[in-house]
Amino acid sequence: SGTESLLVNHAFLEVGGRTEKLLIFESIVPLTTATVLSCSFYAKVSDLHTEVYKSQETAMANPLVAFTLIKRLHSEWLNVVYSDEALENTQALRSSYEKEEAGLPKLEDLQGAAKGLMRLQDVYALQVASLVRGHFRSVTNGQATDIYMPDVSVPLSGDDCFLVGKVAYDQEDYYHSVQWLEESVRLFRGSGGEWSPENEGTLKDALDHLAFSHFKVGNVSYALSLSQELLHHDPVNGRVLQNVEKYEKLLMERPHISNRGGGLRRPASKYLRTRNTYERLCQTQGSQPVHFENPRLFCDYFTSGSPGLLLGPVKREVLSLQPYVVLYHDFITDAEAEDIKMLAQPGLRRSVVAAGEKQATADYRISKSAWVKDSAHSVVGKLDQRISLLTGLNVTHPYGEYLQVVNYGIGGHYEPHFDHATSPSSPVFKLKTGNRVATFMIYLSSVEAGGSTAFIYANFSVPVVEKAAIFWWNLHRNGQGDMDTLHAGCPVLIGDKWVANKWIHEYGQEFQHRCSLNPEE
Ligand SMILES: O=C(O)CCC(=O)C(=O)O
Ligand SMILES: [Fe+2]
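Residues numbered from 1 in each chain as written. Chains lettered and ligands numbered in written order. Predicted model: local features only at pLDDT ≥ 70, side-chain atom pairs only at ≥ 80, totals over all residues. Heavy atoms only, no water.

### Brief notes about the coordination of the iron ion (ligand 2)
Okay, step 1: Donor atoms from the polypeptide that coordinate the iron ion (ligand 2) comprise H417 (NE2), D419 (OD) and H487 (NE2), at 2.1 Å from the metal.
Okay, step 2: The sequence motif formed by the donor residues of the iron ion (ligand 2) is H-x1-D-x67-H.
Okay, step 3: What makes H417 buried here is its relative accessible area of 9%.
Okay, step 4: On the basis of relative accessibility, which here comes to 6%, the residue D419 falls in the buried class. (Donors = N, O, S within 2.8 Å, 3.2 Å for Na, K, Ca; no water. Buried < 20%, exposed > 50% of the residue type's maximum accessible area, 1.4 Å probe, protein only.)

Right under this line is the structure:
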C-alpha cells in the first residue's frame, strides 16, 4: 500500500503541474481537430484528478478509486493517445470524410440554412425560445399559437444556436444575434460549459458575442454583466477586461444609457414597404375573407367552349378580378407531376433573378430551378396543350418560355416581385417576343406548412393546392405592366415545395388576346 500511495501522490503532482500549462494552452485554442481532441481529453482527465485530489482522504481510502486512478494514468490515457485503433479510427474517419467531402454541404449552405431559420422566425413571427425546443409557436399581439405540430420535436443545441447567432452577428444583425446567442448561452450554461470536439463554439464564445450584441443594441448593463461572467471563465482576457472597463465608464457617465432603445428592432430591408402585408398574407395562408365577401368571385366547371374540354371540364376558381387570377383544380395528375420533377432533377441549379441585363443569384429568391424543354418528354408537350386549351394562348417556344421547374427547400422563398420585365434591358426580352403577358404556374407538390403564393397589393394569398395551377395576366391590354400583380412565394416552413412556371409572351397572342388603349383593362 505504501507504493500505491506514493504513485498516486506523484501523479497528482504531475497533473497539478500540467494543469497550469493547460490553462495557457486553452487560451490560444483550436487549430486542428487533433489538438482540440487531445486538449479536451486532457481537460477531462485533469478535471477528474482534481476532483479526486480535493477529496483525497476519502478517495484514497477507497482501493477501487486508487486503482482506477492509477490505471487511468498508466494505461488508459496512453491507449487513447497511442493505440493502433486510435490511429486507425482517425484515418478511417478521415478517408471516409474525404470521399464524401465534395457532396457535403458547403459553408454557404450552412450559412444559408441559418439565414433560412431566421427568415422563418421573422415571416411567421416564431418565438426563438420555442423554436430551439423544436416547437413552431408564433406570437402576435401577445397571443401564442402553435402554427405547426411536428410528430417529434427536435431541439437545438447550444452550439446550433451559436452558429445561427454568429451568422447574424457577422452581418451586424444584432436583432437576431441577441435572440439566438441568448439561447446559446442558456444551453451552454445548462450543459455546464462542457465542450465537445464537434462544436464550433463554447460558452465563452457565446458570452463574448452576446455581450457585444447587447452593447450594440444599447443594452450596456447586460453587456457588462455578461462580460463579467465571461471573465469568470477567462480571467486574463485583455480585450474583455478592456470592454468591462469601457462599459463601466459608460454606465457611470451616462446611467440612463443602461438600456437605451427599449427593445430590439428588426433590421430594415429593401422590401420594407410591402413587408408587413407580405408577412400577414404568408401567416394567414390564404384564409382571407375576400372570397366570402365578393359575390363576383365564383367557382365553375370550365370548358372554354373547346371540344377538348367538353368531356372533362376543369374545376375553375376565380380568385381575384383585379388583377385577374384564377385557380384550376386538378390541372395535373400525380404521375405527370412526378415525371416533371424527375425530368428537372438533373438540371436543378440555384435560382437566379434579372440583374440589369444579366441574371444573378439573390437572397430574395432562394430555390433551385431547371428549364425543361418540350423535347425532353411527351408529358411536357401534353401540359403545353392543356395550358393552351385553358388559356386560349399560344405557348409554343418562343411565344411561351420553356417550363421552369422550381424547388423550394426549408425557408426557400421568393420575395415580392413582378414576373414581367420592368426595364427595357431585362433578359426577358432576349426571346424577342415582347414581355411576359401572363403566368401559368402549376403546383407540383403539397407543402405541410408555409409556402403560399401571396399577392401583395391585391391583398390575398393562395395556399399551395397540390396538382392545381394558377393563372394571371401580368400586363394590361395596352402592354403596360400591371402593378397589382406584385406577388411572392412565402417561405416554406415544413415540406418540399415544387412549382412549374410557364411564362407566356405578348407576341403570338395577337388573335387570342386583344389589345386596348384603356390603361384600366
Ligand atoms: O412559388 C410561388 O408561389 C411563386 C413563384 C413565383 O412567383 C415565381 O417563380 O415567379
Ligand atoms: Fe413570380
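### Structural notes on the pairing of strand β20 (residues 497-505)
Okay, step 1: The element β20 is extensively covered by neighbouring structure, given that nine of its nine residues are classed as buried.
Okay, step 2: A two-sided burial pattern is seen for β20, the buried positions comprising K497, V499, N501, W503 and H505 on one face and W498, A500, K502 and I504 on the other.
Okay, step 3: Direction of pairing for strand β13 (residues 436-443) relative to β20: antiparallel, over a ladder of seven bridges. Note on β20: the bridge partner recorded for T439 is W503. (Helix = DSSP H or I, 4+ residues; strand = E, 2+ residues; numbered from the N terminus. Pairing = 2+ DSSP bridges.)

### Let's talk about the nonpolar core
Okay, step 1: One finds F331, I340, V405, F440, I442 and L444 to be the most contacted residues of the largest nonpolar core, which totals 36 residues.
Okay, step 2: Excluding anything up to four places from it in sequence, I442 contacts F331, I332, L383, A468, A469, W498, V499 and A500. (Core = buried A, V, L, I, M, F, W, Y, C linked by side-chain atoms within 4.5 Å. Contact = heavy atoms within 4.5 Å.)

### Here we look at the site of ligand 1
Okay, step 1: Lining the immediate environment of ligand 1, one finds R365, Y408, Y414, H417, D419, M441, T453, H487, G489, K497, N501 and W503.
Okay, step 2: Side-chain polar atom of K497 to an oxygen atom of ligand 1: 2.8 Å apart, as the coordinates give it.
Okay, step 3: Protein chains bury 100% of the 290 Å² of accessible surface belonging to ligand 1 in isolation.
Okay, step 4: At the level of elements, β12 (413-417), β18 (487-489) and β20 are the ones that each hand at least two residues to the shell around ligand 1. (Near = heavy atom within 4 Å. Polar contact = N/O pair within 3.5 Å; in protein donor to acceptor, adjacent residues only side chain to side chain. Areas by Shrake-Rupley, 256 points an atom, 1.4 Å probe, with all protein chains shown as cover.)

### As for unusual backbone geometry
Okay, step 1: Here the amide bond leading from Q322 into P323 is cis, since omega sits at 0 degrees, within 30 degrees of zero.
Okay, step 2: For P323, the location among the structural elements is in the loop between β4 (314-320) and β5 (325-329).
Okay, step 3: Put simply, H397 and P398 share a cis peptide bond, and its omega is 5 degrees.
Okay, step 4: Note that P398 resides in the loop between α17 (378-391) and β11 (403-408).
Okay, step 5: Its identity as a non-glycine residue notwithstanding, N141 has a phi of 50 degrees, on the positive side.
Okay, step 6: If you trace the backbone, N141 turns up in the loop between β1 (136-140) and β2 (143-148).
Okay, step 7: When its relative accessible area of 83% is taken as the criterion, N141 is described as exposed.
Okay, step 8: Even without glycine at this site, N459 takes up a positive phi of about 65 degrees.
Okay, step 9: Residue N459 is classed as partly exposed on the basis of its relative accessible area of 36%.

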